[in-house]
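Spelled out, the chains give:
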Amino acid sequence: MAADKGGSAVATSLLLRKNVSNLSGPELAALRDAYAKMMKITDNRGYNYWSGIHGVPQWFCWHHGRIGNGSNAQPVDLFLPWHRAYLILLEHTMRDQNAGAAIPWWDWTSLESHTIGVPKAFADKSAGGKPNPLRQAHIKVPPQFNRTTRRFPGSPSDLPAPGEVQALLALSSFSDFTSQVQDIHDRIHGWTGGMGVVGGKQVGGDMGTISTAAFDPIFYSHHCMIDRIWYLWQLQHGQNNIPSTYLGMTLTPFPLKVQDVLNIHSLGYEYASASAEVTVHA
Amino acid sequence: MAKKFVSPPIDLGLGAAGTDFTRADIHFRGVDHAGPSFEARVFLNNPEADEHTPQTLDHGYAGSFHVYGYGVFPEGPRTAAGKPPEAPAERYIMATEAVRRAAHQGKKATVTVVPVVTGMADGNRLDAPLKLDGVSIVTYNQ
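Not measured: the values here are computed from a predicted model.

Draft legend 1. Spatial organisation of the overall build of chain A. Secondary structure assignment for chain A yields nine helices and ten strands. Evaluated residue by residue, chain A yields a buried proportion of 45% over its 282 residues.

Draft legend 2. Spotlight on the overall build of chain B. The helix and strand inventory of chain B stands at one helix and nine strands. For chain B, the α and β elements follow one another from N to C terminus as β-β-β-β-β-β-α-β-β-β. Taking the intrachain contacts of chain B between residues at least 6 apart in sequence as the baseline, contacts between residues at least 24 apart amount to 85%.

Draft legend 3. Representation of unusual backbone geometry. Cis geometry is found at the peptide bond from V56 of chain A to P57 of chain A, where omega equals -5°. Tracing the chain through its elements places P57 of chain A in the loop between α2 (47-54) and β2 (66-67). Put simply, T252 of chain A and P253 of chain A share a cis peptide bond, and its omega is 10°. Within the secondary structure, P253 of chain A is located in the loop between α8 (218-237) and α9 (264-267). A positive phi angle is found at W59 of chain A, which is not glycine, with a value near 55°. If you trace the backbone, W59 of chain A turns up in the loop between α2 and β2. Here N45 of chain B, not a glycine, exhibits a phi torsion of approximately 55°, which is positive. Looking at where N45 of chain B falls in the secondary structure, it is placed in the loop between β4 (37-44) and β5 (61-67).

Draft legend 4. The sheet that holds strand β6 (residues 89-94) of chain B, seen in detail. All names here are of chain B. Strand order in this open sheet of three strands is β6-β3-β9, and the pairing throughout is antiparallel. Looking at the sheet topology across the chains shown, the edges are occupied by β6 and β9 (134-140). Across the sheet, the mean angle from the axis of one strand to that of its neighbour is 20°, orientation sign disregarded. Strand direction decides the pairing type here: strand β3 (residues 23-31) and β9, joined by seven bridges, are antiparallel. When the bridges of β9 are listed, F28 appears paired with V135. The strands touched by helix α1 (residues 96-103) within the sheet are β3, β6 and β9, with β3 carrying the most contacts at an inclination of about 100°.

Draft legend 5. Molecular detail of the interface of chain A and chain B. On the chain B side, the residues contacting the 29 residues of chain A number 27 residues. For the side of chain A that touches chain B, the secondary structure elements donating two or more residues are β2, α7 (174-193) and β9 (201-204) of chain A. A per-element tally of the side of chain A that touches chain B places α7 of chain A first, with seven residues. Looking at the side of chain A that touches chain B residue by residue, the class counts come to ten nonpolar, 15 polar and four charged.

Draft legend 6. The pairing of strand β8 (residues 111-119) of chain B, seen in detail. Residues and elements named next belong to chain B. Most of β8 sits inside the fold, with eight of its nine residues counted as buried. Strand direction decides the pairing type here: strand β1 (residues 5-6) and β8, joined by two bridges, are antiparallel. Bridge pairing links V6 to T112 in β8. Taken together, the eight bridges between β4 and β8 define a ladder with antiparallel strand orientation. Residue R41 lies in a different strand from β8, and its bridge partner there is V114.

Draft legend 7. Examining the nonpolar core more closely. Formed by 103 residues in total, the largest nonpolar core has its most connected members in W82 and I229 of chain A together with I26, L44, A62 and V99 of chain B. Contacts of W82 of chain A, omitting those with residues within four sequence positions, involve C61, W62 and L251 of chain A.

Draft legend 8. How the structure looks around the sheet that holds β8 of chain B. Here we have four strands laid out as an open sheet, ordered β1-β8-β4-β5 (chain B), and antiparallel in their pairing. Only two strands of the sheet have a single neighbouring strand rather than two, namely β1 and β5 of chain B. Across the face of the sheet, α7 of chain A comes into contact with β4, β5 and β8 of chain B while running at roughly 70° to β5 of chain B.

Draft legend 9. Inspection of the packing of helix α3 (residues 79-97) of chain A against α8 of chain A at higher detail. Residue and element names in this part refer to chain A. Look at α3 against α8: their axes get within 10 Å of each other, and the N-to-C directions meet at 125°. Judged by the inter-axis angle, α3 sits oblique to α8. With respect to the hand of their crossing, α3 and α8 are arranged in left-handed fashion. In contact with L80, H83, R84, L87 and L90 of α3, α8 contributes Y220, H223, C224, I226, D227 and W230.

Draft legend 10. Up close: the pairing of β3 of chain B. Of the pairings in the sheet, the one linking β3 of chain B to β6 of chain B comprises five bridges and is antiparallel in character. Its bridge partner being in β6 of chain B, F28 of chain B is matched across the sheet by R91 of chain B.

Draft legend 11. Up close: α2 of chain A. Residue and element names in this part refer to chain A. Burial within α2 is extensive, with six of its eight residues counted as buried. Looking at α2, one finds that the buried residues are Y47, N48, W50, S51, G52 and H54. Summarising the contacts, the buried residues of α2 are in contact with α1 (25-40), α3 and β6 (138-141).

Draft legend 12. Looking closely at the confidence of the model for chain A. The predicted model of chain A has a mean per-residue pLDDT of 91, with 90% of residues at 70 or higher. Every residue in residues 1-10 of chain A is under pLDDT 50, and counting partners more than four places away or in other chains gives 15 contacts.

Rules behind the numbers
Residues numbered from 1 in each chain as written. Chains lettered and ligands numbered in written order. Predicted model: local features only at pLDDT ≥ 70, side-chain atom pairs only at ≥ 80, totals over all residues. Helix = DSSP H or I, 4+ residues; strand = E, 2+ residues; numbered from the N terminus. Buried ≥ 20, exposed ≤ 12 C-beta atoms within 10 Å, placed from the backbone. Contact = placed C-beta atoms within 7 Å. Pairing = 2+ DSSP bridges. Axes fitted to C-alpha atoms, helices over the stretch in contact; angles between N-to-C directions. Nonpolar A, V, L, I, M, F, W, Y, C, P; charged D, E, K, R; others polar. Core = buried A, V, L, I, M, F, W, Y, C linked by C-beta atoms within 7 Å. Parallel < 35°, antiparallel > 145°, perpendicular 65-115°, else oblique. Left-handed = near helix turned anticlockwise from the far one by under 90°. pLDDT = per-residue confidence, 0-100.

Below is the structure:
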């Protein structure tokens, strides 16, 4: 799966990731089927295990990272490569359950998102007569968690506008880009998780903090959007446009280094070229 | 209302070009992200700013950054000691026009950071989500 030493290996057939709003009926059904099957597995092929890599209980994710303290602190920002590795390996695990599944991206800048907020695919309570596995999942991390995930999304008008992504793509330095794309990423986590009241007590939605965010199924499509933005930035500013000191760093706990995840074609996937929306009036 | 941060007057870092700089950033050092998530709204020369203050240049608004907190519970597990992601973060905002406006008022400015909580985990305290080690302003001439 990792790229050859020169980083030029290209998989013979590329998996196409699409905008969740453009998935066909069978594509969405395959995605739901894969998630639902993973959610029933309790070993390390299961949803609970994979979600637990990011925050509780394994805490491996990278966000605004640095190494060292005080005046010796150095920013080491593996946010983008770490999450790219996380998504591709989760996607492989998901496709073991249903080979027709691929992680779609959630375009939170779209007219649809600015109208209804969380896309219907993730918001519907049921699908095909069963509970929708994209709406919520069960968190089982003893002793703190044994409950279903929750969301209290904000107002659709508070989501980023398309121009904000265009501004990100115009940034020419990797350090500016990774800092600013993380900021939008952070904002979406807060927006999606939000704050609500359960049993008379104020609680946060799971997307809102690192601890439980990856248990909410929309997490992966939010990160697919972030990964796609990085890919679009790489097309404009260079695939290998990242500090050379990062290249040999391992993306723990995954058997990949930064240099292995710079070329998405080497990883076996591609993004659909447009996220055009088609509004169908009944 | 969550506790805000107000700096003493700090140097705007104006070089020989004076207010004719091409870019200005406000840097925040040692931003803790172990607790709840929040939006940090930044104002120049407006120490009275709060979460209801309009986000306009006229009110000194310079921009905001978002902290996606670990949501670590007071008595709960933390990342293993020394693991990089838990270390406090370095953040900055690009705030060229707000800094230029402040520079026309003087060579120093106060920086006020108003946290607005956006996410929490069970057990997180929400009264003082913002903890940071320091703030500085950097201007660039090209």
